[in-house]
Amino acid sequence: MKPLCLIILVKESLINMRQNMFETLLGALIIVGAAFFAMKVYNSANLISSDGKELKAEFSDVSGLSVGDDVFLAGIKIGQVTAQEIDKITYMARLTFRINPDIELPSDTSARIVAKSLLGGYVLELSPGSNVEIMEQGDIIYDTIDPVSLTDLLGKFVFQNSN
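Note that residues are indexed from 1 along each chain, following the sequence as it is written. Local features are withheld for residues below a pLDDT of 70 in this predicted model, meaning they are given only at 70 or higher, and side-chain atom pairs are given and counted only at 80 or more; totals for whole chains, interfaces and linings count all residues. The side-chain numbers reported here are obtained from all heavy atoms of the structure, hydrogens and water having been left aside.

## Some thoughts on the pattern of salt bridges
Take a side-chain nitrogen of Lys or Arg and a carboxyl oxygen of Asp or Glu: if they are within 4 Å of each other, that pair is a salt bridge. As enumerated under the stated definition, the model contains six salt bridges in all. Here E54 makes a salt bridge to R98, at a shortest N to O gap of 3.1 Å. Here E54, found in strand β1 (residues 53-59), pairs with R98, found in strand β4 (residues 93-99); they are 44 residues apart in sequence, far enough to count as distant. Measuring nitrogen to oxygen at the nearest pair gives 2.7 Å for the salt bridge that ties R94 to D87. Judged by relative accessible area, which is 15%, R94 ranks as buried. Through salt bridges with shared partners, one network takes in E58, D87 and R94. Numbered from the N terminus, helices here are DSSP runs of H or I no shorter than four residues, and strands are runs of E no shorter than two. Each residue is assigned to one of three classes by its accessible area relative to the maximum for its type, calculated with a 1.4 Å probe on protein chains only: buried under 20%, partly exposed between the two thresholds, exposed over 50%.

If you want it as structure tokens, here you go:
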């Protein structure tokens, strides 16, 4: 009877070891999957880079534009908005944005806030000027155009047609 109990005990411990091994492998697989998912999210997050040239632009209204929104030049993304603040002297909205370090903009560059699509979202669009002087780190763009509100345009259209 004792050898039979010993065989049953060994058999049960082998079954438990297989279950523990399966649980361990399954746990490891879940951890690897979670790490892969986290890397994919990090790579696609388009986080704001700390390198590049930091510039500023002053607007009377920056409605719809947020920190993290894209900056475009000729339809190509060259940076991201990094901060928004109010200039305490002029009461203008000041956007701070960072562009790729290899982009050199003329000092008479203009900026405007445009709709990304009909569904919403805004981006900062830069239009380079023709000046030979190049913008330096921290320079401010004063030649700006505020975003056009679709609801304001619709209201003007409706009220003009009612007269």
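## Details of the sheet that holds β4
Across the sheet, eight strands lie side by side as β7-β1-β4-β3-β2-β6-β5-β8; this open sheet has mixed pairing. This sheet does not close on itself; its edge strands, each paired only once, are β7 (140-141) and β8 (144-145). Any two strands with at least two DSSP-identified bridges between them are counted as paired. Across two bridges, the pairing between strand β5 (residues 110-115) and β8 is parallel. Looking across to β8, one finds that A111 is bridged to T144.

## Some points on unusual backbone geometry
The phi angle at A74 is positive, at roughly 55°, despite the residue not being glycine. Assignment of secondary structure puts A74 in the loop between β2 (70-73) and β3 (76-86). For A74, a relative accessible area of 73% translates into the label exposed. Of note in this structure, Y91 is not a glycine but carries a positive phi near 60°. Residue Y91 is classed as exposed on the basis of its relative accessible area of 64%.

## Side note on the side chain of D87
Note on placement: D87 falls in the loop between β3 and β4. Given the relative accessible area of 13%, D87 is considered buried.

## What to know about the side chain of T96
Within the secondary structure, T96 is located in strand β4. Contacts are assigned to residue pairs with any non-hydrogen atoms lying within 4.5 Å of each other. Leaving out residues up to four positions away in the same chain, T96 has contacts with E54, L55, K56, V81, T82 and A83.

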